[in-house]
Amino acid sequence: MIQPSFDEKQTKDSTPDELYEMVRRSAAGDGSQYAVVAEVEERTTWFVWLLVACCTISGLLFGYDTGVISGTLVTIKGDLGPAQLSDGQKEFITSATTLGALLGGLAAGAMSDWTGRRPVLGIADIIFVGGALGQAVCHTVWSMIGCRFLIGIGVGLASCIAPLYIQELSPTRLRGRMVVLNVVMITFGQVVAYGIDAGFENVSGGWRWMVGLGTVPAGIQLACLAFLPESPRILIRRGNIEAAHKVLERVYSQATAKQIDLQLQVLRASVQQSIDIANSTTFFERFNSMITVPVNRRALIIGCGMQAFQQLCGFNTLMYYSASLFQEIGFNQPTAVGLIVSGTNFVFTLIALKYIDIVGRRRIMVFSAPGMIFGLTLASIAFHYMTLHTGGDLVTGATYSKTWSAIVLLSMIIFVASYATGLGNVPWQQGELFGLEVRGIGTSLSTATNWAGNLLIGSTYLSLMAKITPAGAFGFYAGLCLLGWLFCLFFFPETAGLSLEEAQSIFRDGFGIRESQRMRNQKRETMMRQNIKAERVDA
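Residues numbered from 1 in each chain as written. Predicted model: local features only at pLDDT ≥ 70, side-chain atom pairs only at ≥ 80, totals over all residues. Heavy atoms only, no water.

Caption draft 1: Spotlight on the side chain of Thr 187. Following the sequence through the fold, Thr 187 ends up in helix H9 (residues 175–200). Here Val 184 takes part through its backbone oxygen, which lies 2.7 Å from a polar atom of the side chain of Thr 187. Once you skip the residues sitting within four places of it in the chain, Thr 187 turns out to touch Asn 345, Phe 346 and Thr 349. (Helix = DSSP H or I, 4+ residues; strand = E, 2+ residues; numbered from the N terminus. Polar contact = N/O pair within 3.5 Å; in protein donor to acceptor, adjacent residues only side chain to side chain. Contact = heavy atoms within 4.5 Å.)

Caption draft 2: Region of interest: the nonpolar core. Core analysis: the largest hydrophobic core is formed by 85 residues, its most contacted members being Met 144, Met 306, Phe 383 and Phe 474. With 16 residues, helix H21 (residues 436–491) is the largest single contributor of residues to this core. Counting residues in hydrophobic clusters, the runner-up holds 54 residues, among them Ala 158, Leu 169, Met 178 and Leu 225. (Core = buried A, V, L, I, M, F, W, Y, C linked by side-chain atoms within 4.5 Å. Buried < 20%, exposed > 50% of the residue type's maximum accessible area, 1.4 Å probe, protein only.)

Caption draft 3: Spatial organisation of unusual backbone geometry. Of note, Thr 469 is a non-glycine position whose phi angle comes to about 70°, a positive value. Considering the arrangement of structural elements, one finds Thr 469 in helix H21. By relative accessible area, which is 23% here, Thr 469 ends up partly exposed.

Caption draft 4: Representation of the packing of aromatic side chains in the model. With the rule as written, the count across this model stands at 16 aromatic pairs. For the ring pair Phe 415 and Tyr 419, a centre distance of 6.4 Å and an interplane angle of 40° mean the geometry is tilted. Placement of both Phe 415 and Tyr 419 in helix H20 (residues 402–421) is noted, with a separation of four residues, approximately one turn of the helix. Both residues of the pair, Phe 415 and Tyr 419, count as buried. Among the aromatic residues, those joined into a ring-pair cluster are Phe 383, Phe 474, Phe 476 and Tyr 477. (Phe/Tyr/Trp six-rings, centres within 6.5 Å; stacked < 30°, edge-to-face > 60°.)

Caption draft 5: Structural detail: the confidence of the model for the protein chain. For the protein chain, the average pLDDT comes to 82, and 91% of its residues sit at 70 or higher. This stretch, residues 1–14, has a pLDDT under 50; its non-local contacts, to residues over four places away or in other chains, come to 33 contacts. Residue range residues 25–34 is modelled with pLDDT below 50. Its contacts to residues more than four positions away, or to other chains, number 33 contacts. (pLDDT = per-residue confidence, 0-100.)

Caption draft 6: Seen up close, helix H19 (residues 361–386). For H19, built from 26 residues, the straight-helix expectation of 38 Å at 1.5 Å per residue is met to within 8% by its first-to-last C-alpha distance of 37 Å. For H19, the principal kink sits at Ser 368 and spans about 25°; a proline, Pro 370, occurs within the next four residues. (Expected span 1.5 Å × (residues − 1). Bend = angle between axes of the 7 residues up to and from the residue.)

Caption draft 7: Geometry of a nonpolar patch on the surface. Side chains of Leu 482, Leu 483, Leu 486, Phe 490 and Phe 491 sit close together on the surface and give an oily, nonpolar patch of about 470 Å² of accessible area. Along the chain, Phe 491 turns up in helix H21. We classify Phe 491 as partly exposed; its relative accessible area is 31%. (Patch = residues over 30% accessible without salt bridge, like charges linked within 9 Å, V, L, I, M, F, W, Y side chains within 5 Å. Areas by Shrake-Rupley, 256 points an atom, 1.4 Å probe, with all protein chains shown as cover. Salt bridge = Lys/Arg side-chain N within 4 Å of Asp/Glu carboxyl O.)

Caption draft 8: Here's a closer look at helix H13 (residues 241–251). Within H13, the full set of buried residues consists of Ala 244, His 245, Val 247, Leu 248 and Val 251. Along the long axis of H13, the arc covered by the buried residues comes to 165°, so they all point the same way. Looking at the buried side of H13, the elements it contacts are helix H4 (46–55), helix H8 (141–169), helix H12 (232–237) and helix H14 (257–280). (Arc of directions from axis to C-beta.)

Caption draft 9: View of the environment of Met 306. Examined against the element boundaries, Met 306 turns out to sit in helix H16 (residues 294–312). The class for Met 306 is buried, based on a relative accessible area of 2%. As for Met 306 and Ser 270, which are separated by 36 residues in sequence, their C-alpha atoms are 26 Å apart. Apart from residues lying up to four places away in sequence, Met 306 is in contact with Met 365, Leu 423, Val 426, Pro 427, Phe 487, Cys 488 and Phe 492.

Caption draft 10: Region of the structure containing the pattern of salt bridges. Counting across every chain of the model gives seven salt bridges. One salt bridge in this structure joins Glu 432 and Arg 175, with 3.0 Å as the shortest N-O distance. Note that Glu 432 is positioned in the loop between H20 and H21 and Arg 175 in helix H9, a separation of 257 residues in sequence. Where Glu 515 meets Arg 518, a salt bridge forms, and the shortest distance between an N and an O atom there is 2.8 Å. Taken together, the residues Glu 515 and Arg 518, both in helix H23 (residues 513–538) and three residues apart, mark about one turn of the helix. For Glu 515, a relative accessible area of 22% corresponds to the partly exposed category. Residue Arg 518 is classed as partly exposed on the basis of its relative accessible area of 31%. Because the salt bridges share partners, they merge into one network encompassing Arg 175, Asp 357, Arg 361 and Glu 432.

Caption draft 11: Summary view of the packing of helix H7 (residues 117–137) against H8. Contact pair H7 / H8: the axes reach a minimum separation of 8 Å and the direction vectors enclose 155°. Between H7 and H8, the angle falls in the class roughly antiparallel. You can see that H7 and H8 cross each other, and the crossing is left-handed. The class makeup of the residues in the contact of H7 with H8 is 19 nonpolar, five polar and four charged. (Axes fitted to C-alpha atoms, helices over the stretch in contact; angles between N-to-C directions. Parallel < 35°, antiparallel > 145°, perpendicular 65-115°, else oblique. Left-handed = near helix turned anticlockwise from the far one by under 90°. Nonpolar A, V, L, I, M, F, W, Y, C, P; charged D, E, K, R; others polar.)

Caption draft 12: Broad picture of the packing of H8 against H9. Remark: H8 packs on H9, axes separated minimally by 9 Å, with the N-to-C direction vectors making an angle of 150°. Our classification of the angle between H8 and H9 gives roughly antiparallel. Crossing handedness for the pair H8 and H9: right-handed. Within the contact between the two elements, H8 uses Ala 162, Pro 163, Ile 166 and Gln 167 and H9 uses Arg 175, Met 178, Val 179 and Asn 182. Among the residues making up the contact of H8 with H9, the classes are represented as five nonpolar, two polar and one charged.

Caption draft 13: Geometry of the environment of Ala 382. As for its position among the elements, Ala 382 is in helix H19. By relative accessible area, which is 0% here, Ala 382 ends up buried. Separated by 285 residues in sequence, Ala 382 and Thr 97 have C-alpha atoms that sit 31 Å apart. Every residue in contact with Ala 382, bar those within four places of it in the chain, is listed here: Trp 404, Ile 407 and Val 408.

The following block contains the structure:
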């Protein structure tokens, strides 16, 4: 049902309290015209870009600290005691970061609901600095594992809160792109990590520089956080309306005072139900509501399902073990070849940056996932024929066909390009799915699912390659990608163009694929009416 036409004169003549009541009643419906009109400016201000740039340093750290371990593992040699690290020790070092990230991600949302979003990012930076310095000076395998675990906690905190903080401060029409900027920085961090790995590959003790340089961006972000505001939704939830008003003035600096007031009242009305729930329930009651309340449960299934898909496709095995893999199949400069893979990830993430709000999250996923399936299937075929003379296994020191090795690299590029276009970005839009009262809990559980999947894949990759051969392992990942694609087809709705508060309402009667499209069409029609009305007034 289309909302009554928006009466601009009525809002101008109303007091703030009267305006709040009008907006509250309107917001009880869906696709509120007040929400449309309150999206007050087309231009994105310098303040928003600076804010997002500072937040995305978390993405850089995330990418750097997960990517740098690939080159570290092939250059560490005997510096931690053993002459060569065993497969088990490599898996422990790699998985320690993921286990820490799992715990950090699980705690991050609840922490941010209590302290605010900004302080949690500061805690993550302090952990990044301590973990990076600890890695640079350690001399035993277990101390390295401990420092990687500490780094993982910082990664988990940052991976959960950075996109959430960005979403709550971004204009609706650019919210997807702003979050993708964080993913761009993740991929850029991986490129930087591979570049630094290549630069220090032949330097004695160079791996210590590789891991230690992670302190630099963490220190920069920690200094920048002192100048960033808290999320206006958190400020409203705390009852600090004046501070929320000031933040909105900076985000929408080109808007008039009346427009800012309307934006604030729409935000207040939209989150009032969440505030009432948060103020009248305990944390454990809200946690339980993630399962017992159908709207929250559906959102959680989608959030966790998409994050599980992102990890179970096997992408991060390339980030962790690509240098080792390419070394085994005959490339003389495996770290440099790994840089090609991470560079592909970065370039195609830029494509997602441009189109995620234009094409939409659902459509990008539906069309990019088949490319991942094709790339992994091609890799499985290439590994099968490449390893026929070694019994299906990769044997260190064996000579393999350069043609099949090149096809493996090509298949990895196809897989990574498809991943970066869709699955590498879309799951991190998870904050859109949850109401404010459970947004911290929902994003924590979704992020924890991501890192649990990462832990499972990272800790079993080498063993899986040995047990069912490389061809079998990559074929298995292709099968998981097929299941993930089917999940997107039947359960994943479109949230582009909907406000954070509107997005949650699509789950009232199901998983919202049709409902989200109806709301987006209704909102588009409303905006067209307002534009026509404005043109008539100007004429």
